[in-house]
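# Residue-level structural notes
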Amino acid sequence: MKVMKKSGEEEKVKQILTDKRLSAIKTMLEKDHAIDCLLLLYINRGKWKDAKDFMRENNLTLSDGTFRSRMIEIEDLGLAKSERIDPLKKYYLSTPLGEKVAKLLLGFFDTVEAS
């Protein structure tokens, strides 16, 4: 028989799953290449050409459509802001909240790697 987690933890899980903003961030993180894009922002690769070059240098793939879609979602959630390069192009910069999320992700992967 499984023992239920403490009610405080259950409430936190409920909040993450039901709160409009938290669930939107959770949903975004579940999407293809979302974490890639957050980490690319963290290392100042928020321009498509820079992101593409970095991914290719590391034998990874990321389509421009996926990059643009994720960046728009990340910006809509307040984790990035965009600057216009020209009428068709933007580059994205991490916000303080985006920096925190990226650092938490890096810490999470450090923990997994150390296990």
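About the cut-offs
Residues numbered from 1 in each chain as written. Predicted model: local features only at pLDDT ≥ 70, side-chain atom pairs only at ≥ 80, totals over all residues. Heavy atoms only, no water. Buried < 20%, exposed > 50% of the residue type's maximum accessible area, 1.4 Å probe, protein only. Helix = DSSP H or I, 4+ residues; strand = E, 2+ residues; numbered from the N terminus. Arc of directions from axis to C-beta. Contact = heavy atoms within 4.5 Å. Axes fitted to C-alpha atoms, helices over the stretch in contact; angles between N-to-C directions. Parallel < 35°, antiparallel > 145°, perpendicular 65-115°, else oblique. Left-handed = near helix turned anticlockwise from the far one by under 90°. Nonpolar A, V, L, I, M, F, W, Y, C, P; charged D, E, K, R; others polar.

Attention now moves to helix α4 (residues 48–57). Taken together, the buried positions of α4 are occupied by Trp48, Ala51 and Met55. Here the buried residues of α4 occupy an arc of 70° about the axis, which is enough to place them on one side. Away from its buried face, by an angle of more than 90 degrees, α4 presents the exposed residues Arg56 and Glu57. If you follow the buried residues of α4, they end up packed against α3 (34–42) and α5 (64–76). Looking one or two residues past α4, asparagine 59 carries a phi angle of roughly 55°, positive in sign.

Between α3 and helix α6 (residues 96–114), the least distance of the axes is 9 Å, while the angle of their chain directions is 110°. Between α3 and α6, the angle falls in the class roughly perpendicular. Of the two possible hands of crossing, α3 and α6 adopt the one that is left-handed. Residues Ile35, Leu38, Leu39 and Tyr42 of α3 lie in contact with α6, whose contacting residues are Glu99, Val101, Ala102, Lys103, Leu105, Leu106 and Phe109. Of the residues that constitute the contact of α3 with α6, the class distribution is nine nonpolar, no polar and two charged.

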